[in-house]
Amino acid sequence: MLTAIAITASFSYFGIWTIVNYPNFLTITLGLGLIAAGFMILFFLIKFIFATNKTDTSEFIEVTQEEQPELFAMIHQLVNEIKTDFPQKVFLTYNVNASVFYNSSFWSMFFPVRKNLQIGVGLINSLTNQELRAILAHEFGHFSQRSMKVGSYVYNVNNVIFNMLYNNESLRKMHENIAGLSSYLALPLYISIFSINGIQKILQKLYDYININYLALSREMEFHADEIAANVAGSKAMADSLQRLSFANHSLESVISFYEKNHNQNWLPKDIYENQQVVNLFLAKKNNYEINNGFPMVPLDAESKYNKSKLNIENQWQSHPSTQDRIRAIAKMDIQVDYNNQSPAIELLKNKDNLFQKIKNHLFVNLNHQGPIKQLDTLEFQQNFVKDFEKNDFDEMYNDFYFFINPIIEDFSKLDYHAEPISISELFSDHNRDLSFDLNSLLNDKQTLTDIKNKTYKIKSFDYDGVKYKSSDANQILKSVEIEIQAKQAQINEINTKSFETFYSLADNDLTKSQLKKKYEVMKEMEACFENRIQFYYDLTQRYAFVYEQIEYTEIISHLMKNKSLETRLKTEISTLLSNSDLTVEIAKDTLDGLTRFVNNDLVYFEGSAYHDDNLNLLFTAIHQYYYMTFRAYFLHKYNLLNFQKDLYRAS
């Protein structure tokens, strides 16, 4: 700021001096340009420093002590026990989350700011009373941290730097308007642009430096807040709640997704949080989790069940430590407390019907239902959710072997069509399932190591299989990973072969045998062209990106002409996909009608000086539906193939 003021004063002095001592049109113009250039630099630096950054609370529901006395009683008790400040305001939201937030400005770096507390009803619904105490104690732990002041500084610095780097449209327009008055004015203004570009380069370096250091502090603050929570509510309550959060969030998002996908049925929940509990218990049963007091006990390794990666890279940009690291730290404390209320935390809330109605109105306001609404009770939701879930889940007999792996036969000529069947428990054993998880993790590791090798992912070191390596060693590790991938892929191919031979032997007639083989052949064909279709989708999005840019009319017409062949191919591909009745039965009628219009008509997207928005909407809907239908058609064929095999096994 001091430098900017000095530059502005200098430019203004020399501008005025030039005008006073050499008065003519040229010097007056140049002098005014110098003054404008100085003030532009000052404006650039100061504009964002005094801006106020407010959290958008339009989707939050503010509650008071009169409305929620029991929740506020818990908050008062925790505030007194932790010896911190009571929140300025308390808000409820729909989600599975709790957080501290405050409106921040330049002055908040120097004066105390009252903090607000946000609590998700989805979170309250997923915890016992004791576990909610632990989560809220964690948040009040942040209230008590003096290092939160550092957060206020960094938050403001981040916003200022980000806006200086990326939010300069008004400055650009000001420069264009002033420069447009005279070419003599433009010359000194380029000095300001040059100066601002230099400032931005410095800020980019500072942005990384500030944030990497602050995020390291932030991770330590999380451990500290966890320790406060464990001392207040006990280690077990804090650990159990942390382990359940991701699971409970997935359940709630699954409920919301169910109603969004089925909006044509005009369904809405009578009680969305009873629906969340239904999904919690359903998924817990699917995963063989223990149920305690009506709550799933999610194991520590649940999130890493499918991830067998040996690659470990320290993420300097994480604001929180991993859940596993936090739980291990909490477990080491092993703090026991006398008070332990295991009743559902949702019982704390009063006037739940009114509260849940407000949340429901917010969540589903954009579904545009046509006709009368059907409110699903808990049993109706459960029946329909399970039915919908099973349409997207492979039978338990496969033991998640095909979660990442596809039933592909590499060479049909090498099959033994008279082989003896192998037991299902041997084919899809835990060992073979873990083999499929290993292969998927190795493929992911290969991609990451390739990025490190090519310096796309810029790091100094990484751990692989417990050993620390420099980034320059990535190519060496990559070669060993590729060898391991080949070995495990060969094992997977052998299991797929034995699987086909087993189910082929279970077929009791030639027609069924032929149908099974045909399904495998189609699966292989779909596998071969899948990547090509996805690449085609990415090409489409790139080639039509010009629609969102400001370009000359002639360029728009030129782009559309060049893309005509792509549009023709897209219509052909969509026509093929629409011939799949298993796929089209799942697509909403209005979407199908739009796709049919796109395929059957020669649409004009630009005419004269304007786009035809309706036709453009049809085009972009077709592009995005093509992506969805490609994935869905692939999944449905895999699903039908595995179900066909399941029926053969059950009938044998």
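Before any of the text, the structure's been laid out above.
What comes next concerns the included structure. Quick caveat, the model's predicted, so the values are computed rather than measured. (Residues numbered from 1 in each chain as written. Predicted model: local features only at pLDDT ≥ 70, side-chain atom pairs only at ≥ 80, totals over all residues. Heavy atoms only, no water.)

On to the packing of helix H17 (residues 510-543) against helix H19 (residues 564-578). Across the interface, H17 lies against H19 with an axial gap of 11 Å and an inter-helix angle of 140°. By the angle between their directions, the pair H17 and H19 is classed as oblique. Crossing angle aside, the handedness with which H17 passes H19 is left-handed. Of the residues in H19, those touching H17 at Asn532, Arg533, Phe536, Leu540 and Arg543 are Leu566, Arg569, Leu570 and Glu573. (Axes fitted to C-alpha atoms, helices over the stretch in contact; angles between N-to-C directions. Helix = DSSP H or I, 4+ residues; strand = E, 2+ residues; numbered from the N terminus. Parallel < 35°, antiparallel > 145°, perpendicular 65-115°, else oblique. Left-handed = near helix turned anticlockwise from the far one by under 90°. Contact = heavy atoms within 4.5 Å.)

Turning our attention to the layout of surface pockets. The rolling of a water-molecule-sized probe over the atoms marks out the regions of remaining empty space. As a volume, the largest pocket reaches approximately 1600 Å³. Considering the residues around the largest pocket, the lining is formed by 47 residues, among which Leu283, Asn287, Tyr306, Phe389 and Phe403 are closest to the centre. Counting residues per element, the ones that place at least two in the lining of the largest pocket are helix H9 (235-261), helix H10 (272-286), helix H11 (323-333), helix H13 (378-390), helix H15 (430-453) and helix H22 (613-651). With 10 residues, the top contributor of residues to the lining of the largest pocket is H9. For the lining of the largest pocket, the class distribution of residues is 18 nonpolar, 11 polar and 18 charged. (1 Å grid on protein atoms, 1.4 Å probe; cavity = no way out; pocket = protein on both sides within 12 Å on 5 of 7 lines; lining within 4 Å. Points joined across faces, edges and corners; volume = space filled by probe spheres on them. Nonpolar A, V, L, I, M, F, W, Y, C, P; charged D, E, K, R; others polar.)

With that settled, the discussion passes to the nonpolar core. With 78 residues, the main nonpolar core has Leu449, Phe462, Leu570, Ile574 and Phe598 as its most contacted residues. The greatest single-element share of this core, amounting to 17 residues, is contributed by H22. If you look at the next biggest cluster of nonpolar residues, it comprises 69 residues, including Ile119, Ile124, Leu136 and Phe258. (Core = buried A, V, L, I, M, F, W, Y, C linked by side-chain atoms within 4.5 Å. Buried < 20%, exposed > 50% of the residue type's maximum accessible area, 1.4 Å probe, protein only.)

A word on the environment of Tyr457. Mapped onto the elements of the fold, Tyr457 is located in the loop between H15 and strand S10 (461-464). Sequence spacing of Tyr457 and Phe11 is 446 residues, and the spatial spacing of their C-alpha atoms is 43 Å. With residues up to four places along the chain from it excluded, the contact list for Tyr457 reads Ile313, Thr448, Asp451 and Ile452.

Moving on to the packing of aromatic side chains. Here the structure, examined in full by the defined rule, presents 48 aromatic pairs. On the numbers, 5.8 Å between centres and 75° between planes, the contact of Phe60 with Phe101 is edge-to-face. Of the two residues, Phe60 sits in the loop between helix H2 (25-46) and strand S1 (61-63) while Phe101 sits in strand S3 (residues 98-101), which places them 41 residues apart along the sequence. By way of ring pairs, the aromatic residues Phe258, Tyr259, Trp267, Phe282, Phe364, Phe381, Phe385 and Phe389 are connected into one cluster. (Phe/Tyr/Trp six-rings, centres within 6.5 Å; stacked < 30°, edge-to-face > 60°.)

In this section: the sheet that holds strand S2 (residues 90-93). Strand order in the open sheet made by the four strands is S1-S2-S4-S3, with mixed pairing throughout. Two strands lie at the open edges of the sheet, namely S1 and S3, each paired on one side alone. Along the sheet, successive strands turn relative to each other by an average axial angle of 30°, direction set aside. Of the strand pairs in this sheet, S1 and S2 are connected by three bridges, and their pairing is antiparallel. Paired with Ile61 across the strands is Leu92, a residue of S2. (Pairing = 2+ DSSP bridges.)

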